[in-house]
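# Architecture and fold: a report
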Amino acid sequence: MVVLSASLWLRSRLTDRFWRVQEVLKHARHFRGRKNRCYKLAVRSVQRAFVKSTKARREKKRFLRALWITRIEAASLEHGLKYPAFISNLIKSQVELNRKMIADLAIYEPKTFKSLAALAQRRRQEGFLAALGDGKEPEGIFSRIVHHY
Amino acid sequence: VAKTSLTSPPWPDVKLPDPVEEAKYHAEVVQKVNKMIATGQYGRLFAVVHFASKQWKITGEDLIMMDNVLEAECGDRIRMEKVLLVGADDFTLIGRPLLGKDLVRVEATVIEKTESWPKINMRFWKRHNYQRKKIIVNPQTILRINTIEIFPCLS
């Protein structure tokens, strides 16, 4: 016989409360204090932890790039070049290594980094010479001698 | 004429070496490196490869994990073509920006195709009863770099 709605004395009670609570507490087991044991405190901490980790994943990229730049700056100063000169001259010489690679090369392959620094230095000097031109002084205007013929 | 503070410019005067002599020196160095490669006087080679929109510094027998799907079955051999830099102990070949395909050969094999650990993306605004939780599982591919070979065709 088909019954459309349940009777009033039929109650449905939550049976897996333990496992629902454990799902949250398992992410809080390494926390400090009562928030690794008590559900009410743990829920808040776990939520904040998840939100912080989401935001940190975006900031990690910025942070790592700054770290690589610091390392490249330190390594290029050892070879007598500043970071903007080094990077700009490398890019002008069509070397498309990114900062992560250059930082790794500076740590693990010092000879290769030295050759990259020499390349950048040479390109820099060629750039200066190309910009300076002949080396003659520009002719003056008031010191020009006018000939009236 | 006496030298004052304005006779010469304040930047150091740099003279580039003679172009003819430089060309000779360059040709000599290139021949030397060619001979070294031909006779095989290098130890372990490392290469910088552009793969899966990232740059990797690889040697032989090392593992690489990509955070995406590669359309190759497990056990397929792959040749990586975009090589930016190859180096050994005594010489490095820097590509501007890439090295030629007839100069370097990087071989890799696909070992494993798995999924990453479940990363949790959560957004929460306080006092607004707003929270969204999403579990992201990325497919990953693991490659093993078999060999890096160089051929003596420098000019």
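Residues numbered from 1 in each chain as written. Chains lettered and ligands numbered in written order. Predicted model: local features only at pLDDT ≥ 70, side-chain atom pairs only at ≥ 80, totals over all residues. Heavy atoms only, no water.

### Brief notes about helix α4 (residues 99-108) of chain A
Side chains that are three or four residues apart share a direction in an α-helix, a result of its 3.6 residues per turn. Taken together, the buried positions of α4(A) are Met101(A), Ile102(A), Ala103(A) and Leu105(A). Buried residues belonging to α4(A) abut α2 (39-78), α3 (83-92) and α5 (110-132) of chain A together with β1 (46-51), β2 (54-58) and β5 (83-87) of chain B. (Buried < 20%, exposed > 50% of the residue type's maximum accessible area, 1.4 Å probe, protein only. Helix = DSSP H or I, 4+ residues; strand = E, 2+ residues; numbered from the N terminus. Contact = heavy atoms within 4.5 Å.)

### Here we look at the sheet that holds β1(B)
Spatial ordering of the open sheet is given by β2-β1-β5-β6 (chain B), a layout of four strands whose pairing is antiparallel. Each having just a single partner strand, β2 and β6 (92-94) of chain B make up the two edges of the open sheet. Across the sheet, the axes of successive neighbouring strands diverge by a mean angle of 15°, strand direction being ignored. By the bridge criterion, four bridges tie β1(B) to β5(B) in an arrangement that is antiparallel. Its bridge partner lying in β5(B), Val48(B) is registered against Leu85(B). Seen against the sheet, α5(A) touches β1, β5 and β6 of chain B and runs at an angle of roughly 45° to β6(B). (Pairing = 2+ DSSP bridges. Axes fitted to C-alpha atoms, helices over the stretch in contact; angles between N-to-C directions.)

### Description of the packing of helix α1 (residues 17-25) of chain A against α2(A)
All names here are of chain A. Packing of α1 against α2 brings their axes to within 9 Å, and their N-to-C directions diverge by 45°. Regarding the angle of α1 to α2, the classification is oblique. Read as a crossing pair, α1 and α2 show a hand that is left-handed. Contacts between α1 and α2 involve Val-21, Val-24 and Leu-25 from the first element and Tyr-39, Ala-42, Val-43 and Val-46 from the second. Tallied by class, the residues present in the contact of α1 with α2 amount to seven nonpolar, no polar and no charged. (Parallel < 35°, antiparallel > 145°, perpendicular 65-115°, else oblique. Left-handed = near helix turned anticlockwise from the far one by under 90°. Nonpolar A, V, L, I, M, F, W, Y, C, P; charged D, E, K, R; others polar.)

### A short note on the domain arrangement of chain A
In terms of domain boundaries, chain A breaks down into domain 1 (18-59) and domain 2 (63-132). Measuring from the centre of the C-alpha atoms in domain 1 of chain A to the corresponding centre in domain 2 of chain A gives 44 Å. (Domains from an automatic or database assignment.)

### Considerations on the sheet that holds strand β4 (residues 77-80) of chain B
Residue and element names in this part refer to chain B. Spatially, β3-β10-β7-β4 is the arrangement adopted by the four strands of the open sheet, whose pairing is antiparallel. At either margin of the open sheet sits one strand with a lone partner, and together these are β3 (63-66) and β4. Put simply, the sheet's adjacent strands are angled 35° from each other on average, direction ignored.

### Some details on the pairing of β1(B)
On any regular strand, side chains alternate: one points to one face of the sheet, the next to the other face. Residues and elements named next belong to chain B. Of all six residues in β1, five are buried, a share of seventy percent or more. Pairing geometry for β1 and β2, over five bridges, is antiparallel. Each residue of the ladder has a partner; that of Val-48, found in β2, is Lys-57.

### Overview of the interface of chain B and chain A
On the chain A side, the residues contacting the 26 residues of chain B number 28 residues. On inspection of chain B and its partner chain A, the count reaches three salt bridges. Here Asp89(B) ties to Lys111(A) by a salt bridge, and the two come within 2.9 Å at their closest N and O atoms. Summed over the shared surface of chain B and chain A, the result is eleven residue pairs in polar contact (both at pLDDT 80 or more). Sorting the residues of the side of chain B that touches chain A by element identifies β1, β2, β5, β6, β8 (119-125) and β9 (130-136) of chain B as the ones contributing at least two each. Top element by residues in the side of chain B that touches chain A is β8(B). It accounts for six residues. Tallied by class, the residues present in the side of chain B that touches chain A amount to 14 nonpolar, five polar and seven charged. (Salt bridge = Lys/Arg side-chain N within 4 Å of Asp/Glu carboxyl O. Polar contact = N/O pair within 3.5 Å; in protein donor to acceptor, adjacent residues only side chain to side chain.)

### Some remarks on unusual backbone geometry
Residues and elements named next belong to chain B. A cis amide bond links Arg-96 to the next residue, Pro-97, at an omega of -15°. By the secondary structure assignment, Pro-97 is in the loop between β6 and β7 (104-115). The phi dihedral of Ser-53 falls on the positive side, at around 55°, and the residue is not glycine. Take Ser-53: it is sitting in the loop between β1 and β2. What makes Ser-53 exposed here is its relative accessible area of 63%. Its identity is not glycine, yet Glu-61 carries a phi of approximately 55°, on the positive side. Within the secondary structure, Glu-61 is located in the loop between β2 and β3.

### Examining a positive patch on the surface
A contiguous patch of positive charge, built from Arg48(A), Lys52(A), Lys55(A), Lys126(B) and Arg127(B), is present on the exposed surface. Mapped onto the elements, Lys55(A) comes out in helix α2. Accessibility expressed as a relative area gives 56% for Lys55(A), which makes it exposed. (Patch = residues over 30% accessible without salt bridge, like charges linked within 9 Å, V, L, I, M, F, W, Y side chains within 5 Å. Areas by Shrake-Rupley, 256 points an atom, 1.4 Å probe, with all protein chains shown as cover. Lys, Arg positive; Asp, Glu negative; His and termini not counted. Charge placed at Lys NZ, Arg CZ, Asp CG, Glu CD.)

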